[in-house]
Amino acid sequence: MCGIVGVLGSHEASPLLVEALKRLEYRGYDSAGIATVHEGKLGRRRAVGKLVNLSDTLVHNPLPGKSGIGHTRWATHGAPSVDNAHPHQAGPVAVVHNGIIENFRELREELAAAGIKFVTETDTETVALLTQMYLEQGQDPVTAARTTLSRLDGAFALAFLFDGEEDLIVAARKGSPLAIGHGDGEMFVGSDAIALAPMTDEITYLEEGDSAVLTRTSLEIRNESGEIANREKRKIQIDTARVDKAGHKHFMSKEIAEQPTVIGEAVRHYLSTDGSGIQLPGEELDFTKIDRLTMVACGTAFYACLTAKYWFEQLAGIPVEVDIASEFRYREPPISKGTVALFVSQSGETADTLAALRYCEGKADKILSVVNVPESSIARESDVAFPILAGTEIGVASTKAFTCQLTVLLMLALKAAQDRGAMTEEEVSNLLIKLRALPGTLNETLDCEAPLAEAARKLAEARDILFLGRGLMYPLALEGALKLKEISYIHAEAYASGELKHGPIALIDKHVPVVVLAPKDNLFDKSISNMQEVMARNGKVLLITDKAGAAEGSEGAWQTVLLPEIDPVLSPILYALPAQLLAYHTAVAKGTDVDQPRNLAKSVTVE
Ligand code: F6R
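For clarity, every value in this text was computed on a predicted model and none was experimentally measured.

Chemist: Got a sec to walk through the overall build of the chain? Specific residues and values, please.
Modeler: Secondary structure assignment for the chain yields 19 helices and 24 strands. Over its C-alpha atoms the chain spans a radius of gyration of 26 Å, differing by no more than 12% from the 25 Å that the globule rule assigns to 607 residues. Taking the principal axes of the C-alpha coordinates as reference, the chain spans close to 80 × 50 × 45 Å. Per-residue burial for the chain yields a buried fraction of 60% across its 607 residues. Counting only contacts in the chain whose residues sit at least 6 apart along the sequence, the fraction spanning at least 24 positions is 70%. Distance between charge centroids for the chain: 3 Å, based on 59 positive and 82 negative side chains.

So this is what it looks like as structure tokens:
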């Protein structure tokens, strides 16, 4: 993953680099570093841990210079340590890198055979050492960087800075995004436009295989074949204000609380002007011509797809396949005519999802995406990108983006159902009325925070927790377990309730809490039978249901949390909230780093 930035500025570079890195910290936060050229000499500062540690280092040991590069790391090769932190320097060149150099072992062997010593365990060091070797062979900096680039396999975004070159950065992209920012007598480069937003709103995105030579007044881009390439300069609208916690203890809690508002906005965005129908933005989509929908995503976004499968199949009658992007891309499934591919991603930069999208190019009839970041690679490379309008999500554990993804996917399914005649206009309109009322119901659901926090304090003592759900609640059970494990570090698993007896029931004893998500829907009785099977084996059940469900099924449960009643079609959006709140309060009770849990990053731009 990692975030990279480069500045050829007219003022001191280090504050700009640190501000840009703050905006990139979502990509990784296990170490950070910057390098500048000052009076012709490269200098570096690096620190392990969050960016604040680098800022502290710079207070005590400032780094002058108006040209610089910076990096925030999510470790791939080599543990988080100062030595392994970027920028990596080899003599007169410093390099920052996002991605993985796949042939780094061969390159290391080649360099070792030439008597060159390594001081880090990273793949990136080979890039710096190769460039140094070519410089020593007499190549100029740009040629040395380009020769190095021609030797690299894998996915990368790179920026090079050189001794004695205060007006030069060489940058390149292959598989990892990179944006060039144009200033007034200044030039910038960064992993995304958000990082560059305080410095400029004029952006040129590099394309696959591009390399760029930046000076303060010029930009030369070459494509993979080495030909000069013209890439469009765009004006990007990005809010430069950094998002704050608005009085909440954590971004995650703020983002949970924001859901009624952002979901309301997402619903409004897809409603026709009179509010009675669905109006899709952009190009008209003919749902009647779709034979099959292939949905691909990772993590939480994958669970949004699993939920949407029920909607597209049950409401619109479209057969749906859902796949994890990292499996889909290497399985290389046949894509038959009439297939539309739909990719779901908060960041729009997830490497596996992007690669899966590229696999479908030229094979699927259309490439659609449901994304939160409109300028992201996935959005830009889709035929139609549907925004989810969740606003910036800072907490690493996705919350409001998940429910906004669900909302938009449901509206797409309803539009498909109506266009295909699977639902009448009146049936759709009735559900739209309920969707419009959803923010109010979500607010009521947030009022259940106290009992959930109380339950979470007990869950925090568990070593293993199971989540059960049926039908639309099954993907939510998976999401609840993922949320819990990623921020509380408690082992959690989810099963379709009916699957429990086929093996996992062996895990049940009095120490294993089981969270059962069961609104009073057509599958409720079956869920309750499965819950009874758990209780018969001394399992402690936390039942999350509504009033009618509690009246019928809560007897014997360890604890019951009541949610407002909701149309079953909309229930996943509502039941996502208690799953998030349980995870949040369990993590708070355990004292973990809720917003930046260990080992994770917000945007996963490596395979
Ligand atoms: C979990 C979480 C991750 C992401 C996954 C995909 O809370 O956030 O599982 O959902 O890494 O990320 P995007 O949606 O950016 O493609």
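Still more ground to cover, so stick around.
Chemist: Provide a residue-level description of the packing of helix α3 (residues 104-113) against helix α4 (residues 124-136), including the pertinent values.
Modeler: The contact between α3 and α4 brings their axes to 10 Å, and the two run at 40 degrees. Relative to α4, the element α3 lies oblique. Here the hand of the crossing between α3 and α4 comes out left-handed. In contact with Phe104, Leu107, Arg108, Glu110 and Leu111 of α3, α4 contributes Glu125, Thr126, Leu129, Leu130 and Met133. Residue composition of the contact of α3 with α4, by class: six nonpolar, one polar and three charged.

Chemist: Give me the sheet that holds strand β14 (residues 233-235): which residues, what numbers.
Modeler: Read across the open sheet, the eight strands follow the order β3-β2-β4-β1-β10-β9-β11-β14; overall the sheet is antiparallel. For this open sheet the edge positions go to β3 (41-48) and β14, each flanked by a neighbour on one side alone. Averaged over all adjacent pairs, the angle separating strand axes in this sheet is 20 degrees, with direction ignored. Sheet analysis places strand β2 (residues 31-38) next to β3, joined by eight bridges and oriented antiparallel. Within β3, the residue paired with Gly33 across the bridge is Arg46. Its contacts with the sheet place helix α1 (residues 13-24) against β1 (3-8), β2 and β4 (67-73), and it is angled at close to 155 degrees to β1.

Chemist: Please provide a residue-by-residue account of the site of the ligand, values included.
Modeler: Taken together, 14 residues surround the ligand, and among them Ser345, Gln346, Ser347, Thr350 and Glu486 come closest. A distance of 3.1 Å separates an oxygen atom of the ligand from a polar atom in the backbone of Thr300. Val396 places a polar main-chain atom, nitrogen or oxygen, 3.4 Å from an oxygen atom of the ligand. Listed by contribution, the elements that provide at least two residues to the shell around the ligand are α9 (299-316) and α16 (473-488). Here the element with the most residues in the shell around the ligand is α9; it accounts for three residues. Of the residues that constitute the shell around the ligand, the class distribution is five nonpolar, seven polar and two charged.

Chemist: So, a negative patch on the surface: which residues are in play, and what are the values?
Modeler: On the surface, Glu102, Glu106, Glu109 and Asp153 cluster together into a patch of negative charge. Relative to the helices and strands, Glu109 is located in helix α3. Here Glu109 falls in the exposed class, since its relative accessible area comes to 58%.

Chemist: Would you mind going over the nonpolar core in detail, with residue names and values included?
Modeler: For soluble globular proteins, the rule of thumb is that nonpolar side chains tend to be buried together. Ranked by internal contacts, the top residues of the largest apolar core, which has 101 residues, are Met295, Trp311, Phe312, Phe386, Leu409, Leu414 and Ile544. When residues of this core are assigned to their parent elements, the largest contribution, 13 residues, is made by helix α13 (residues 400-419). Ile101, Phe156, Phe162 and Leu168 belong to the second-largest nonpolar core, a separate cluster that totals 27 residues.

Chemist: Lay out α3 in plain terms, naming residues and giving numbers.
Modeler: Listing the buried residues of α3 in full gives Phe104, Leu107 and Leu111. Looking straight down α3, one finds that the buried residues subtend no more than 60 degrees of arc, so they occupy a single side. Exposed residues lying more than 90 degrees from the buried face of α3 are Arg105, Glu106, Glu109 and Ala113. In the core, the buried residues of α3 are packed alongside β6 (93-101) and α4. Looking one or two residues beyond α3, the residue adopting positive phi is Gly115, at roughly 85 degrees.

Reading the values: the criteria
Residues numbered from 1 in each chain as written. Predicted model: local features only at pLDDT ≥ 70, side-chain atom pairs only at ≥ 80, totals over all residues. Heavy atoms only, no water. Helix = DSSP H or I, 4+ residues; strand = E, 2+ residues; numbered from the N terminus. Rg over C-alpha atoms; globule rule 2.2 N^0.38 Å. Buried < 20%, exposed > 50% of the residue type's maximum accessible area, 1.4 Å probe, protein only. Contact = heavy atoms within 4.5 Å. Lys, Arg positive; Asp, Glu negative; His and termini not counted. Charge placed at Lys NZ, Arg CZ, Asp CG, Glu CD. Axes fitted to C-alpha atoms, helices over the stretch in contact; angles between N-to-C directions. Parallel < 35°, antiparallel > 145°, perpendicular 65-115°, else oblique. Left-handed = near helix turned anticlockwise from the far one by under 90°. Nonpolar A, V, L, I, M, F, W, Y, C, P; charged D, E, K, R; others polar. Pairing = 2+ DSSP bridges. Near = heavy atom within 4 Å. Polar contact = N/O pair within 3.5 Å; in protein donor to acceptor, adjacent residues only side chain to side chain. Patch = residues over 30% accessible without salt bridge, like charges linked within 9 Å, V, L, I, M, F, W, Y side chains within 5 Å. Areas by Shrake-Rupley, 256 points an atom, 1.4 Å probe, with all protein chains shown as cover. Salt bridge = Lys/Arg side-chain N within 4 Å of Asp/Glu carboxyl O. Core = buried A, V, L, I, M, F, W, Y, C linked by side-chain atoms within 4.5 Å. Arc of directions from axis to C-beta.

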